[in-house]
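# Examining the three-dimensional arrangement
Given next are the chains, with one letter for each unit.
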Amino acid sequence: MQARGPSPSSIRTLAVPAFLLGALLASACGDPPADRLAAYVNVRDSAGIQIVENGPLASVDTLGIMVDSAARLRIGLVDGDAPYVFSRIVGATRLADGRVAVADQRAAEVRFFDGEGRFLAAVGGAGQGPGEYTLFSAMHPLQADSLLIVDHEGNRWHFSDGTGTPVRTLRAVRHSPGEDPSRSPYHVRGSYTDGTLLVSRSVPGCTGEPSLFCADSVRLRRVTRRGEVRADFGVVPRWRRYFDRSAVNGRNTITLAAVFYPQVSWAVAGMRTYIGDGERFEIRVHGPEGRLERLIRVDAPPERYPAEGPTMPLAADATAEQRQQHARMLGVTERAPKPDHLPVFTSLVTDELGNLWVHLVGGPNSGLGTGMRWAVFDSEGELRHLVRTPVLSTRSPMTGRGAPEIGADYLLTEATDSFNVPVVDVYPLGRRNGG
């Protein structure tokens, strides 16, 4: 359901280095209380909205949830039997019985593996017959092991059971009644326990020089599978993306020039919707009808955006065309407005137990290739744990990869191996003390 844009070869993403979070507040002197969290969480109510104010990250348990990297199960090979070799993974989930479903875009099929990673069966395939797909673009896990398979050709949503057997096919919801049908379509972002879906659609929001095109906002809604709006969360800023519009060889081209961290991210748990503002560490919790019910805050000031800006390396053996494009991208990046601060966090994920995981930008070992840090909140908004994990996929419109799936005793993520081959990794997850 993703709108078509520049070809992959024309897209270059700028890496923004990770920076340390601001200095954490010092702990109070004296003996710690029996319940450490009681000293840092302040819950108050304002105009019917519950406000949960958490203290500094340094006050939180770091051993309550552990990821066993050594016992990782990897599904996918560089070379070998076809079922284990993926072209591009566009969805993965672990089902209730331990099977793992992996969606491969080029083969246009969903492959099922057992809990040990052994191939069981595949359904689908490229074509126009029953149960086949023409432009297989995404797979989303829904409630009770059901799956939503998106076929971009014809904008179809295919709902299937836990074996991949088709149950129902609908025309994908492009817009709500009364809206301009020429606008960008809805993208599925999550599912609620009643079968409704969290969807987003792009909304032009930022401006710049005439030569720049910017897309940075989305409208979030809870809709039925036929498009009736059940809740509207309004327009929120997302990725701030700047594109260079110029003519090359008589043709209009759009080259991605700069990508800045997202300001807002979202997640679904049960019938609740979480919308996070990473610039000031505030998370809004909305009820089924869209009413704001709770604000979750953490004492973690953001870092200022670095004066030197993002880096954009160029390979020593780059061609003349690549060097020319590199120079254009540098010029546009210089003209694009820069944010004042790095966000404190960039992604939200809810786990099977109803906890909220928040990916932190700063801190030791938070850079790419060295692992990630997550702050974990319980269902009431209280900060409970800091968790270190290997590098995990995060929901991104640039990569098309989904957020990690976190169960009671496992963590599943889409990844690539050392040869840049798509794989799925499943890590055992240990919890203690109510984690």
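What counts and how
- Residue numbers run consecutively from 1 along every chain, following the written order of its sequence.
- The predicted origin of the model limits local features to residues at a pLDDT of at least 70 and limits the giving and counting of side-chain atom pairs to 80 or more, whereas totals for whole chains, interfaces and linings rest on all residues.
- Note that the side-chain values use all heavy atoms of the structure and ignore hydrogens as well as water.
- Summary of the metric used: pLDDT quantifies the predictor's per-residue confidence within the range 0 to 100.
- When checking whether two residues touch, look at their non-hydrogen atoms; a contact exists if any pair is within 4.5 Å.
- For this analysis, a nonpolar core means a set of buried residues of the types Ala, Val, Leu, Ile, Met, Phe, Trp, Tyr and Cys, connected via side-chain atoms within 4.5 Å.
- Each residue gets one of three labels from its accessible area relative to the maximum for its type: buried under 20%, exposed over 50%, partly exposed in between, using a 1.4 Å probe on protein chains only.
- In DSSP terms, a helix is any run of H or I states spanning at least four residues, a strand is any run of E spanning at least two, and both are numbered starting from the N terminus.
- Strand pairing is assigned whenever DSSP identifies at least 2 bridges connecting the two strands.
- To obtain each axis, a line is fitted to C-alpha atoms, and for helices this fit is confined to the stretch in contact; angles are then taken between N-to-C directions over 0 to 180 degrees.
- For Phe, Tyr and Trp, where Trp contributes only its six-membered ring, two rings pair if their centres lie within 6.5 Å, and the inter-plane angle classes them as stacked under 30 degrees, edge-to-face over 60, or tilted in between.
- Both a distance and an angle decide whether a charge sits over a ring: NZ of Lys or CZ of Arg must be within 6 Å of the ring centre and within 35 degrees of the ring normal.
- Here, a salt bridge means any side-chain nitrogen of Lys or Arg that lies within 4 Å of a carboxyl oxygen of Asp or Glu.
- In protein, a polar contact requires one atom able to donate a hydrogen and another able to accept it; more generally it is a pair of N or O atoms within 3.5 Å, and residues adjacent in sequence count only if both atoms are side-chain atoms.

### Considering the confidence of the model for the protein
Averaged over all residues, the pLDDT of the protein is 79; the fraction at 70 or higher stands at 74%. Note that pLDDT drops below 50 for residues 1-39; the model gives that stretch 77 contacts with residues more than four away or on any other chain. Confidence over residues 363-369 falls short of pLDDT 50; this stretch has 17 contacts with residues more than four positions distant or in other chains.

### Here we look at the nonpolar core
Residues L57, F281, I283, L348, L356, V358 and F377 are the most contacted members of the largest nonpolar core, which totals 21 residues. Contributions of two or more residues to this core are made by β18 (264-269), β20 (282-286), β21 (292-298), β22 (345-350), β23 (356-360), β24 (372-377) and β25 (383-389). Broken down by element, the residue count for this core peaks at 3 residues, all from β23.

### Some thoughts on the sheet that holds strand β8 (residues 119-124)
Spatially, 4 strands are ordered β5-β6-β7-β8 in an open sheet, and the strand pairing comes out antiparallel. Taken across any chain shown, the strands that pair with only one partner, and hence form the sheet edges, are β5 (89-94) and β8. Strand after strand, the sheet turns through a mean of 15 degrees between neighbouring axes, direction not considered. Looking at chain direction, β5 and strand β6 (residues 100-104) are connected through 4 bridges and run antiparallel. Residue pairing in the sheet places I89 in a bridge with D104 of β6.

### Comments concerning the sheet that holds strand β10 (residues 147-151)
What the 4 strands build is an open sheet, ordered β9-β10-β11-β12; its pairing is antiparallel. Strands with a single pairing partner mark the edges of an open sheet, and in this sheet they are β9 (136-141) and β12 (166-171). Looking at each pair of strands side by side, their axes are set apart by 20 degrees on average, direction ignored.

### What about the pairing of β10?
Strand residues, when the strand is regular, have side chains that alternate between the two faces of the sheet. Within β10, 5 of the 5 residues are buried, which leaves the element mostly enclosed by the surrounding structure. On β10, burial covers both faces: L147, I149 and D151 on one face and L148 and V150 on the other are all buried. Pairing between β9 and β10: 5 bridges, direction antiparallel. From the neighbouring strand, P141 faces β10, where its bridge partner is L147. Connecting β9 to the antiparallel partner β10 that follows it, the hairpin turn spans 5 residues, and A144 within it adopts a positive phi of roughly 55 degrees. For β10 and strand β11 (residues 156-160), the ladder comprises 5 bridges, and the chain directions are antiparallel. Counterpart to I149 in the pairing with β11 is H158. Hairpin geometry of β10 and β11 is characterised by an intervening segment of 4 residues between the two adjacent antiparallel strands and by a positive phi of about 80 degrees at G154.

### As for the packing of aromatic side chains
Per the stated rule, a full pass over the model turns up 7 aromatic pairs. Between Y133 and F136, the ring centres sit 5.3 Å apart and the planes meet at 70 degrees, which makes this aromatic pair edge-to-face. With respect to class, Y133 is no different from F136; both count as buried. The rings of Y84, F86, F113 and F119 are connected pair by pair, giving a single aromatic cluster. The side chain of R222 reaches across the aromatic face of Y192, ending 5.6 Å from its centre.

### Some words on the environment of G270
Along the polypeptide, G270 turns up in the loop between β18 and β19 (272-277). Residue class for G270 comes out partly exposed when judged on its relative accessible area of 33%. Separated by 80 residues in the primary sequence, G270 and T350 have C-alpha atoms spaced 9.6 Å apart. Once residues lying within four places of it in the same chain are set aside, the contact partners of G270 are Y192 and T193.

### Observations concerning the pattern of salt bridges
Applying the stated criterion across every chain, the model contains 20 salt bridges. Here R280 ties to D277 by a salt bridge, and the two come within 3.2 Å at their closest N and O atoms.

### A few points about the environment of W357
Looking at the element boundaries, W357 is found in strand β23. You can call W357 buried: its relative accessible area is 0%. Separated by 10 residues in sequence, W357 and S347 place their C-alpha atoms 8.3 Å apart. A polar side-chain atom of W357 sits 3.0 Å from a polar atom in the side chain of D351.

### Some points on the environment of R72
Locating R72 in the fold gives a position in the loop between β3 (65-67) and β4 (73-75). For the pair R72 and P428, spaced 356 residues apart in sequence, the C-alpha separation works out to 6.9 Å.

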